[in-house]
Amino acid sequence: MNGQLDIEPLLDKMEAGLRQLLQERGVSSPALIGIRTGGVWLAAELARRLQLQEPFGELDISFYRDDFSRIGLNPKVKPSSLPFDTADRDVVLIDDVIMSGRTIRAAMNEIFDYGRPASIILATLIDLGARELPVQPDVRGLALRLETSQRIKLRGPDPLRIELEQA
Amino acid sequence: MKLSSRPPAGSVKIVGGQLYRGATATSAGALEANPGLLIKNGRIAALGPDALAQAADETLMAENCIVSPGFLDLCCNLREPGNSQKGNMSSETRAAAHGGFTSVCAAPDTSPVNDSGAVTNLIRDMAASRALVRVLPIGAVTRGLEGELLSDMAGLQKAGCVALGNASRGLRNARVLRRCMSYAQTFGLTLMFSPENQALAADGYAHDGLVTTRLGLLGIPEVAETTAVMEMILLAQETGVRLHLSQLSCARSVDMLAEARQRGIQVTADVAMHQLAFTEDALSGFDSRFHVRPPLRSERDRQALVAGVRDGVIDAIVSQHQPHESAAKQAPLAASEPGLSSIEVVLSLGLERVAANELSLTQLLRALTAGPATVLGQSEASNAGLSAGAVADLCIFNPDQSWRPGPGTLVSAGGNGPVLERSMPGVVHYTLVAGHKAWPSLLP
Amino acid sequence: MIATATGPHHLQLTREGQLRHFLTLDGLGRELLTDILDTADSFIEVGERTIKKVPLLRGRTVVNLFFESSTRTRSTFELAAKRLSADVLNLDISTSATSKGESLADTLYNLEAMASDMFVVRHAQSGAPHFIAESVTPKVAIINAGDGRHAHPTQAMLDMLTIRQHKKTFAGLKVAIVGDVLHSRVARSQIRALNELGVAEVRVIAPGTLLPRDVEALGCTVEYDMMRGMKDLDVVIMLRLQKERMEGALLPSEGEFYRLYGLDRAKLALAKPDCIVMHPGPINRGVEIESAVADGPQSVILNQVTNGIAIRMAVMSMAMGGQLAERQQALNDIAKQEVRS
């Protein structure tokens, strides 16, 4: 089964979920951080939808991955770029897919090295389950269970689309 | 078992294969069919159909083999006395026999240095009791090889040194060199020198060329050799000494040698087999085994050296055998000791040159037999050629059979062979010294 | 025993082409060199954070083995290792104590037994790090911090990073290296890197006594006259001149060297107006370079120092990663074999 998933409703759901959560928590100026690569595209989209003036941050977690000792360093690492100080900020961390939770752990460790944030909200487009760490998204576009032979991938940045591949 | 006091060998008949009788003054000689070769009392008793007809205690089959005079090595380090961690008289003469050599010149840089008749006698005694091939001592031309004071040259000669030299160490200056030559000439001694201008060689340990430039190694420039060659030739001409240039490495040296001979100067020369087989490229992976002195030079030099052997301008190919314990090579290049454990693969490396059409088989054999024999002059051994009545020092080898040098096949105590675990042509079946089997040999 | 036909370039890569030692730039292609520069760029960003540390080498032990002392280079390696969260041990070992190969090997076996993961090696003999990687402790990642006259690959790469920061691309650049090329491991590595990264021309400018034989074969042109050699330059790299060179009859005097080959304002004015000035340090002011130039607007000498830490972090993490990946691969291979049998 190769195919595409309509992304618009999922983005709408993320936007709505974020608006509600930020309001509940009384956060007026969140600091958006996307995890490279898909999370950065989503951060751009959500920043536009939430009409945030402040530029969003880009995180490359290569230096924090826990599989370094098994596969070595990602040769295509790029600098992280946070155009704001994270200390005492309410951070919205954005990624395309959450599964084991290891990427998010690495990303949170990295964010803390920039300064201690006041809070972190996690927003992901797709939640595939199969968690290995106690990390759950606060906001998600879709929860999905894949067959072992299936792969899902966010393509972008323009247009953003989700591809489901049969391996 | 003493070489000299062994019981006379029984009669041996060698049948089949091809015979190389040896080179002549004008040609490298030829291969002919070997109907039979008979050895009695350590000497060649008969050659040809006559030999075949006679009975013998033992018959050696030499099918597909070449029956050649035994090889004579003008430069070999047996490491005894004094350096038993690297090798000894019995291990290294066994290696020589494995390589087809029946006589090896023993370099004077032993400990103690062979600079007196007493040390020469000690070496000869050791050889008599433990060597499997003939050991021909080279005496030190200066006391302690220090390059300053003359050694007792006449005494060394009397004790049995076949030539004098200064190992690969230099003399203090040209004046000492001139006096060494003048004094040696008095006794008709041959002097063997490795030409190297020490001030120009300085701290170098590799050919000053592309590889040293790229790897940042300290170079020995060509002129370190060529200026020394020229100086030695001029001094030899003036003093009239018989000069032998050991282990040439440069193309230009071969030219100067040829020219000097043309002018009638008494000068001979040899080249180490590894100089014909390898170039500076062997060091490109910092391989300390190929740290040798003189250094491996450029491909152009290698080709000129091969041509020198081909033309007979270079008289002899030597092993420059230098076995080492592993620690001597287990170091960064500059800190490692120079030299290869090579005597067992000289023939094979030479046959590879033959296969590459760089040398003919007879040119190779000449440089291992008659060539070096001529450098030393008269000797009782038959390295120069096979004829009835000559002492039966022989090498019987199959040039087409292959083997793999490695820890399982090599017998030298030194693990620093130039070729390891690669198939090479040329297997020595028998090495006979005065009719006795030096190879194959039981471990002493 | 050092055997095999593999040159240094095979030795330092895994089967997958990852770095596992960093001994020389020979045999490393443009893509890998560019990866090193890109990774270093990411580490520069790390250096600007509140916490200038990443956890890549956490729990790993890095030993700085300096057989030739150099406080500066050692410090940058130490800082780089610490920013990668490694435990660092500094050993200054005088060459006299280990002038024999056996004791060098013994020293290293001892350190390996302390579960060291990486040796950063500086040695006076060309090829020493290569020897260690090939024959002594192949499972320990070896980083060459300068060996004899052979190579100083991290210095050359930090210079490349500096050039890229200022010139954006290597294409079309004309670069000169001035001074004692003969004794310089830095120059050899720089010439190699500049050629691989595709500059238009590398020029070496020096008197004949300070050039190795056939230096052109390294990929450069030779110019004896510095006034002529400065023409059209985008980058000029000055090399350090050791005082011993006068004693070895290579040069008559510092004064004459400075007049002919020292970089002063007048000579610099002959290059392109935006030509940058580099020096691997430490500088001999008034011998290789005029103070006004070293401290002037075209000098990027201090950028070089900052970049040094990032390059060393990049190379150390890449080589350590390659070693670890290789170990994992070996474990996987064993596991596969066990399953089969």
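Since we're looking at a predicted model, the values are computed, not measured. (Residues numbered from 1 in each chain as written. Chains lettered and ligands numbered in written order. Predicted model: local features only at pLDDT ≥ 70, side-chain atom pairs only at ≥ 80, totals over all residues.)

Asks: Help me out: how do you make sense of the overall build of chain B in this one?
Replies: The helix and strand tally for chain B stands at 15 helices and 20 strands. Against the compact-globule benchmark of 22 Å for 444 residues, chain B has a radius of gyration of 21 Å, which places it among compact chains. Its C-alpha atoms put chain B at 65 × 45 × 45 Å along the principal axes. The long-range share in chain B, meaning contacts at least 24 apart out of those at least 6 apart in sequence, stands at 75%. (Helix = DSSP H or I, 4+ residues; strand = E, 2+ residues; numbered from the N terminus. Rg over C-alpha atoms; globule rule 2.2 N^0.38 Å. Contact = placed C-beta atoms within 7 Å.)

Asks: Teacher, can you tell me more about the interface of chain C and chain B here?
Replies: Across the boundary between the two partners, chain C contributes 31 residues, which contact 27 residues of chain B. Elements with a contribution of two residues or more to the side of chain C that touches chain B: helix H4 (101–113), helix H5 (128–136) and helix H7 (185–197) of chain C. Of the residues contributing to the side of chain C that touches chain B, the split by class is 12 nonpolar, 12 polar and seven charged. (Nonpolar A, V, L, I, M, F, W, Y, C, P; charged D, E, K, R; others polar.)

Asks: It is not clear to me how the sheet that holds strand S4 (residues 90–98) of chain A should be interpreted in this structure. Could you clarify?
Replies: Through backbone hydrogen bonds, the strands of a sheet pair up, either in parallel or in antiparallel fashion. Residues and elements named next belong to chain A. An order of S3-S2-S4-S5-S6 is seen for the five strands of this open sheet, with the pairing classed as parallel. Among the strands making up the open sheet, the edge pair consists of strand S3 (57–59) and strand S6 (139–143). The mean angle between the axes of side-by-side strands here comes to 25°, regardless of whether they run parallel or antiparallel. Two elements, strand S2 (residues 31–35) and S3, share three bridges in a ladder whose sense is parallel. For Ile33, the partnering residue across the bridge sits in S3 and is Gly57. (Pairing = 2+ DSSP bridges. Axes fitted to C-alpha atoms, helices over the stretch in contact; angles between N-to-C directions.)

Asks: Even after reading the chapter, I still don't get the interface of chain C and chain A, so can you show me in this structure?
Replies: Quoted interface sizes are often the accessible area lost when the parts come together. Counting residues at the interface gives 21 residues for chain C and 17 residues for chain A. Elements with a minimum of two residues in the side of chain C that touches chain A: helix H2 (30–46) and helix H13 (301–340) of chain C. Top contributing element to the side of chain C that touches chain A by residue count: H13(C), with seven residues. For the side of chain C that touches chain A, the class distribution of residues is eight nonpolar, eight polar and five charged.

Asks: Help me understand the nonpolar core in this model?
Replies: Nonpolar side chains in soluble globular proteins generally cluster together in the buried interior. Within the largest apolar cluster, 290 residues are counted, with the highest numbers of intra-cluster contacts made by A:Ile33, B:Leu164, B:Leu191, C:Ile143, C:Val178 and C:Val236. The biggest single contributor to this core is H13(C), with 13 residues. When neighbours within four sequence positions are excluded, A:Ile33 is seen to be in contact with A:Ala43, A:Phe56, A:Gly57, A:Leu59, A:Leu82, A:Val91, A:Leu93, A:Ile94 and A:Ile111. (Core = buried A, V, L, I, M, F, W, Y, C linked by C-beta atoms within 7 Å. Buried ≥ 20, exposed ≤ 12 C-beta atoms within 10 Å, placed from the backbone.)

Asks: Even after reading the chapter, I still don't get the pairing of strand S18 (residues 394–403) of chain B, so can you show me in this structure?
Replies: Along any regular strand the residues' side chains alternate between the sheet's two faces. Sheet topology note: the strand S7 (residues 66–69) of chain B/S18(B) ladder contains four bridges and is antiparallel. Bridging across to S18(B), B:Ser68 finds its partner in B:Cys395.

Asks: When you look at the packing of helix H3 (residues 71–83) of chain C against H13(C) in this model, what are you seeing that I'm missing?
Replies: Working note: a packed helix pair is described by the angle between its axes plus the distance between those axes. All names here are of chain C. Where H3 meets H13, the axes come as close as 8 Å, and the angle between the chain directions of the two elements is 55°. One element, H3, and the other, H13, form an angle in the oblique class. Crossing hand, H3 versus H13: right-handed. Touching Thr76, Phe77, Leu79, Ala80, Ala81 and Arg83 of H3 are Gly308, Ile309, Arg312, Met313 and Met316, all from H13. Classifying every residue of the contact of H3 with H13 by side-chain character gives seven nonpolar, two polar and two charged. (Parallel < 35°, antiparallel > 145°, perpendicular 65-115°, else oblique. Left-handed = near helix turned anticlockwise from the far one by under 90°.)

Asks: Would you take a moment to explain H3(C) for this structure?
Replies: In an α-helix, one turn spans 3.6 residues, which is why side chains three or four residues apart end up on the same side. Residues and elements named next belong to chain C. Given a rise of 1.5 Å per residue, 13 residues ought to cover 18 Å, and the 18 Å separating the end C-alpha atoms of H3 matches this to within 8%. Contacts made by the buried residues of H3 are with H2, strand S1 (61–66), strand S2 (87–92), strand S3 (118–123), strand S4 (141–147) and H13. One or two positions beyond H3, positive phi appears at Ser85, with a value near 70°. (Expected span 1.5 Å × (residues − 1).)

Asks: Could you clarify how one ought to interpret the environment of C:Arg83 in this entry?
Replies: Residues and elements named next belong to chain C. Residue position: Arg83 is located in helix H3. Arg83 sits 32 residues away from Ile51 along the chain, and the two C-alpha atoms are 9.1 Å apart. Once residues within four sequence positions are removed from consideration, Arg83 is found in contact with Val46, Lys52, Lys53, Val54 and Met313.

Asks: Where do I start with the packing of helix H8 (residues 222–239) of chain B against helix H9 (residues 251–262) of chain B in this structure?
Replies: All names here are of chain B. Here H8 crosses H9 at 10°, and the two axes come no closer than 9 Å. Relative to H9, the element H8 is oriented roughly parallel. Contacts between H8 and H9 pair Glu222, Glu225, Thr226, Val229, Met230 and Ile233 from the former with Arg252, Ser253, Met256 and Ala260 from the latter. Considering only residue class, the contact of H8 with H9 consists of five nonpolar, two polar and three charged.

Asks: Explain the domain arrangement of chain B here, please?
Replies: Residues and elements named next belong to chain B. Looking at the assigned domains, one finds that chain B contains domain 1 (12–67 + 389–439) and domain 2 (71–376). On a C-alpha basis, the centres of domain 1 and domain 2 stand 25 Å from each other. At the junction of the two partners, domain 1 supplies 30 residues and domain 2 supplies 43 residues. Broken down by secondary-structure element, the contributors of at least two residues to the side of domain 1 that touches domain 2 are S18, strand S19 (424–433) and strand S20 (436–439). With six residues, S19 is the largest single contributor of residues to the side of domain 1 that touches domain 2. (Domains from an automatic or database assignment.)

Asks: Teacher, can you tell me more about the environment of A:Ala123 here?
Replies: Residues and elements named next belong to chain A. Topologically, Ala123 is positioned in strand S5 (residues 119–127). When the C-alpha positions of Ala123 and Gly34 are compared, they lie 9.6 Å apart, and in sequence the two are 89 residues distant. Residues in contact with Ala123, not counting those within four places in the same chain, are Met14, Leu18, Val92, Ile94, Pro137, Asp138 and Val139.

Asks: Quick question: what am I supposed to make of the confidence of the model for chain A here?
Replies: Per-chain confidence: chain A averages 93 in pLDDT, with 99% of residues scoring 70 or above. Mean pLDDT values for the elements of chain A range from 78 in strand S1 (residues 3–5) of chain A up to 97 in S2(A). (pLDDT = per-residue confidence, 0-100.)

Asks: Help me out: how do you make sense of the arrangement of the chains in this one?
Replies: Ranked by contact count, the leading pair among the two pairs of chains in contact consists of chains B and C. With respect to C-alpha atoms, chain A approaches chain B no nearer than 27 Å, and the pair has no contact.

Asks: Looking at this structure, I do not really get the sheet that holds strand S10 (residues 134–140) of chain B. What am I missing?
Replies: All names here are of chain B. The sheet built from eight strands is open, its strands ordered S8-S9-S10-S11-S12-S15-S16-S17 with parallel pairing. The sheet terminates laterally at strand S8 (71–76) and strand S17 (316–318), the two strands that pair on one side only. Mean inter-strand twist for the sheet, computed between neighbouring axes without regard to direction, equals 30°. With four bridges connecting them, strand S9 (residues 101–106) and S10 associate as parallel partners. Note on S10: the bridge partner recorded for Val104 is Val135. Taken strand by strand, H8 contacts strand S12 (190–193), strand S15 (242–245) and strand S16 (267–272), and its axis lies near 165° from that of S15.

Asks: Any chance you could explain the environment of C:Asp117 here in plain terms?
Replies: All names here are of chain C. Residue position: Asp117 is located in the loop between H4 and S3. Remark: the alpha-carbon pair of Asp117 and Gly127, spanning 10 residues in sequence, is separated by 20 Å. Setting aside residues up to four positions removed in sequence, Asp117 forms contacts with Arg60, Thr61, Val62, Val140, Ala141 and Met320.

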